[in-house]
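Chain and residue survey
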Amino acid sequence: MASRILLISANRCTSPDPVFPLGLAHLSAALRAAGHEVKWLDVLSDGDGLEEAVTETRPDFVGISLRNIDDVLIRRREVFFGELVSLGERIRRVTRSPVIVGGSGFSIFPEQLLELAGADYGVRGEGEAGLVALIRALETGEPVESIPGLVYRRSGKVVLNDREMRDCAQGTDAADWPEALVDFYLQSGGLLNVQTQRGCGFRCCYCTYPVIEGRQHRGRPPELVAEEFERLCSLGAQYAFVVDSVFNSSARHVREICEALLRRNLKLKWGCFLRPQGLDAALMKLMARAGLSHIEFGSDSFCDDVLQAYGKGFGFDEIQHSTQLAAKENIEACHFLICGGPGETMDTLEASYRNAQKLPASVVMAVVGMRIYPGTPLYDRAVQEGIISKEEGLLQPKYYLAPGLDEAALFGALQRFAAESPGWIVGDPSPVYLRFVERLRQRGVVGPLWSYLALMRRLWPQGIPGMESNPI
Ligand code: B12
Ligand code: SF4
């Protein structure tokens with residue numbers, strides 16, 4: 001049976017850039033392959049036409065994608081899940097069709113968010129197979145109890161079905177990249193996104209990625225990935241971001257993807273998250289030849305004791321080596337640090353700062369506090385230490401700071417580092433910074449903005465001439 005499905009992206013967040021709702025492109029491909037008709041509504045680019053979209057489309061099913069819960073910034077604490085509540089209410093007023101929720105944010109808090117949205121069903125983790133199976137079951141009246149990843153109600157309780165990690169060999173095609181949306185994201189952020197694999201098998205203490213995507217790495221066929229890169233080029237992208245939790249899950253994966261890209265001789269530049277471990281000169285060179293232009297290293301700290309307490313599984317020497325390899329290939333690199341988590345003290349933070357001086361030119365983006373999420377080792381620790389109770393929902397963000405640490409003192413230290421070293425950026429952007437970023441994008445700047453910021457701080461340490469206050 002063919003149904004009409006309205007897919008809604010609820011994401012209104014524009015910082016650091018608006019991001020194309022890639023999850024919906026993947027769902028669209030799977031739904032269309034199953035014979036369904038797909039319509040899109042993206043609340044960021046389409047504006048507030050929800051009621052009109054539902055009345056015009058007359059969907060048999062409505063799917064809502066919730067990507068972000070909050071901004072993960074301890075000082076701002078902006079939350080986004082409220083959007084789901086109002087969308088749920090407004091949809092209910094105009095249609096009786098079943099409402100299904102999914103997305104990375106939803107997958108971290110499925111029970112709470114199903115209830116808040118007043119939705120009929122949810123799918124945790126990757127949605128392709130679950131959504132297609134659910135629609136089939138609802139069309140035919142088959143039972144839904146065995147659908148992997150399904151979130152539903154039984155006897156007044158929310159039930160979570162176990163998930164099944166599939167290979168993700170389904171490709172997208174032009175119909176899964178609506179032109180108007182693509183243009184909007186290219187104009188506002190300058191880049192599009194692509195996924196080469198799912199899952200993360202590492203065990204960093206705070207991380208939700210294994211909760212969302214599972215622990216098993218599941219690579220997508222390299223030729224299919226290269227084809228998607230090619231599609232992004234043909235859509236007008238000059239830059240792509242690889243959204244994988246960690247692109248270098250294995251040297252073999254990196255090699256296969258890069259070789260497939262090189263076979264197509266694409267001119268697209270791209271960036272990705274890399275783990276500063278297991279890299280060597282040949283692999284870095286291969287990535288550079290395949291278009292890798294910037295790296296976001298998930299380093300978290302430059303101090304070995306803290307790295308160990310965070311469960312990172314690598315040490316500062318590997319961070320240093322990986323940064324040197326990137327510098328040799330002229331690939332821009334940024335290290336993301338989380339300051340104040342388990343094992344951190346003011347001394348370890350100073351040690352991190354001292355170690356940073358040993359790194360060849362690279363940017364350091366440092367945030368304060370570790371967001372606590374259910375299903376992570378940090379959650380258990382925070383409960384044990386009495387920082388949170390088991391009854392707490394955690395949708396409203398709570399942060400872990402190691403005993404004895406103080407938020408203001410940590411920010412004070414980071415501001416001092418940033419004043420002394422132009423490569424250090426306190427990762428909690430001011431409104432002036434956000435306006436500045438918007439202006440850069442309007443002028444057609446693509447790629448990572450942190451490299452521009454670091455460069456400008458080197459050129460104008462007292463602030464950018466002509467700007468009312470200093471964004472950097
Ligand atoms: C890559 C990434 C980024 C990149 C994005 C680059 C780009 N151009 O795309 C960058 C670094 C810019 C970024 C920024 C931010 N990010 Co981010 N990011 C991710 C990451 C690693 C992958 C997201 C992704 O693209 N996945 C691939 C697509 C294909 O999968 P998907 O969207 O999840 O969709 C699948 C399923 O979720 C499901 N699904 C999705 N929708 C629906 C709908 C229905 C109906 C169904 C049934 C299923 C379903 O099916 C899809 C296909 O299988 C996730 C973590 C993760 N592993 O998920 C964090 C994540 C989404 N980010 C997060 C956050 C917070 C942010 C920021 C707010 C951080 C900040 N302060 O800057 C910003 C927000 C940016 C914005 N404008 O929205 C959080 C959100 C949770 C939370 N705490 O709120 C996550 C989950 C990480 C975390 N901390 O846990 N991010
Ligand atoms: S921080 Fe990176 S490497 Fe560690 S578990 Fe998360 S995604 Fe995996």
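In this report, the structure presented in the accompanying data block is examined.

**Comments concerning the site of ligand 1**
Surrounding ligand 1, one finds 43 residues, the nearest of these being S65, I69, N193, T208 and Y373. Between a nitrogen atom of ligand 1 and a main-chain N or O atom of D17, the distance comes to 2.8 Å. Contact distances for ligand 1 include 3.1 Å between a nitrogen atom and a side-chain N or O atom of R67. Looking at the shell around ligand 1, the elements with two or more residues in it are α1 (22–33), β3 (61–65), β4 (99–102), α5 (104–108) and α9 (209–213).

**Observations concerning the site of ligand 2**
Taken together, the residues surrounding ligand 2 are C200, F202, C204, Y206, C207, Y209, S245, V246, R275 and K312. Of the residues in the shell around ligand 2, the class split is seven nonpolar, one polar and two charged.

**Digging into the sheet that holds strand β12 (residues 269–274)**
With parallel pairing, seven strands are arranged side by side in an open sheet as β8-β11-β12-β13-β14-β15-β18. A single partner strand is all that each edge strand has here, and the edge strands are β8 (192–194) and β18 (424–426). Averaged over all pairs of adjacent strands, the angle between their axes in this sheet comes to 25°, without regard to strand direction. Pairing of strand β14 (residues 332–339) with strand β15 (residues 363–368), which is carried by six bridges, proceeds in the parallel orientation. When the bridges of β15 are listed, H335 appears paired with V364.

**Overview of helix α8 (residues 179–189)**
All of the buried residues in α8 are L181, V182, Y185, L186 and G189. Looking straight down α8, one finds its buried side chains confined to an arc of 130°; they lie on one side. In this structure, α8 carries E179, A180 and Q187 as exposed residues pointing more than 90 degrees from its buried face. In this structure, the buried residues of α8 make contact with β2 (37–42), α2 (43–46), β8 and α18 (431–442). G190 sits one or two positions beyond α8 and adopts a positive phi of about 80°.

**Examining the packing of helix α15 (residues 346–356) against helix α17 (residues 407–420)**
In helix packing, the relevant descriptors are the interaxial angle and the interaxial distance, both defined with respect to the helix axes. Viewed as axis vectors pointing N to C, α15 and α17 meet at an angle of 15°, and their least axial separation amounts to 11 Å. By the angle between their axes, α15 is roughly parallel relative to α17. Crossing of α15 over α17 shows right-handed handedness. Residues M346, L349, E350 and Y353 of α15 form the contact with α17, whose participating residues are A409, L410, A413, L414, R416, F417 and E420. Broken down by class, the residue content of the contact of α15 with α17 amounts to eight nonpolar, no polar and three charged.

Calculation notes
Residues numbered from 1 in each chain as written. Chains lettered and ligands numbered in written order. Predicted model: local features only at pLDDT ≥ 70, side-chain atom pairs only at ≥ 80, totals over all residues. Heavy atoms only, no water. Near = heavy atom within 4 Å. Polar contact = N/O pair within 3.5 Å; in protein donor to acceptor, adjacent residues only side chain to side chain. Helix = DSSP H or I, 4+ residues; strand = E, 2+ residues; numbered from the N terminus. Nonpolar A, V, L, I, M, F, W, Y, C, P; charged D, E, K, R; others polar. Pairing = 2+ DSSP bridges. Axes fitted to C-alpha atoms, helices over the stretch in contact; angles between N-to-C directions. Buried < 20%, exposed > 50% of the residue type's maximum accessible area, 1.4 Å probe, protein only. Arc of directions from axis to C-beta. Contact = heavy atoms within 4.5 Å. Parallel < 35°, antiparallel > 145°, perpendicular 65-115°, else oblique. Left-handed = near helix turned anticlockwise from the far one by under 90°.

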